[in-house]
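Listed below, chain by chain, are the residues.
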Amino acid sequence: LGVSNYAVEDYKELMESASVKPVVNQIEINPFLYRKNTIGFFKEQGVALQSYRSLRDGKAFDNPVVVAIASKHGRAPAQVLGR
């Protein structure tokens, strides 16, 4: 059982009446939208996170920081964003 785009508040509300805990929550996570508190909360709850839009529709492929990290490690910008 999985959910999508559930914030911490949504999950808490769901668990007030749910009899089965979700095993995965699909949310947007990427280097430009890193949700540290949300990630930590779901990790504590034992709910795996699945990222969508990690590549940001290609909009960050030419970001200077992403390009520098990719170059330093011999990788493509998409590989850096997907990591």
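Everything quoted here is computed from the prediction, not taken from an experiment.

Scoring rules and cut-offs
Residues numbered from 1 in each chain as written. Predicted model: local features only at pLDDT ≥ 70, side-chain atom pairs only at ≥ 80, totals over all residues. Heavy atoms only, no water. Helix = DSSP H or I, 4+ residues; strand = E, 2+ residues; numbered from the N terminus. Buried < 20%, exposed > 50% of the residue type's maximum accessible area, 1.4 Å probe, protein only. Contact = heavy atoms within 4.5 Å. Pairing = 2+ DSSP bridges. Axes fitted to C-alpha atoms, helices over the stretch in contact; angles between N-to-C directions. pLDDT = per-residue confidence, 0-100.

Engineer: Could you give an account of unusual backbone geometry, with specific residues and numbers?
Structural biologist: A positive phi angle, close to 55°, is found at Arg56, a residue other than glycine. Examined against the element boundaries, Arg56 turns out to sit in the loop between strand E3 (48-52) and helix H3 (64-73). With a phi close to 55°, Asp57 is a non-glycine residue in the positive phi region. As for its position among the elements, Asp57 is in the loop between E3 and H3. A residue is classified by how much of its surface remains accessible, and Asp57, at 58% relative accessible area, is exposed.

Engineer: Describe the environment of Val3, with residues and values.
Structural biologist: Structurally, Val3 is set in strand E1 (residues 2-4). Each C-alpha atom of the pair Val3 and Lys21 lies 10.0 Å from the other, and the pair is 18 residues apart in sequence. The contact partners of Val3, leaving out residues within four places of it in the chain, are Leu14, Pro22, Val24, Asn25 and Gln26.

Engineer: Run through the sheet that holds E3, naming residues and quoting values.
Structural biologist: Taken in spatial order, the 3 strands of this open sheet run E1-E2-E3, and their pairing is parallel. Bordering the open sheet on either side are E1 and E3, each of which pairs with just one other strand. Mean inter-strand twist for the sheet, computed between neighbouring axes without regard to direction, equals 25°. As paired strands, strand E2 (residues 24-28) and E3 are joined by 5 bridges and run parallel to one another. Note that in E3 the partner of Ile27 across the bridge is Ser51.

Engineer: Which residues make up the confidence of the model for the chain, and what values do they have?
Structural biologist: On average, residues of the chain score 93 in pLDDT, and 100% of them are at 70 or above. When mean pLDDT is taken per element in the chain, helix H1 (residues 8-15) scores highest with 97 and helix H4 (residues 77-82) scores lowest with 90.

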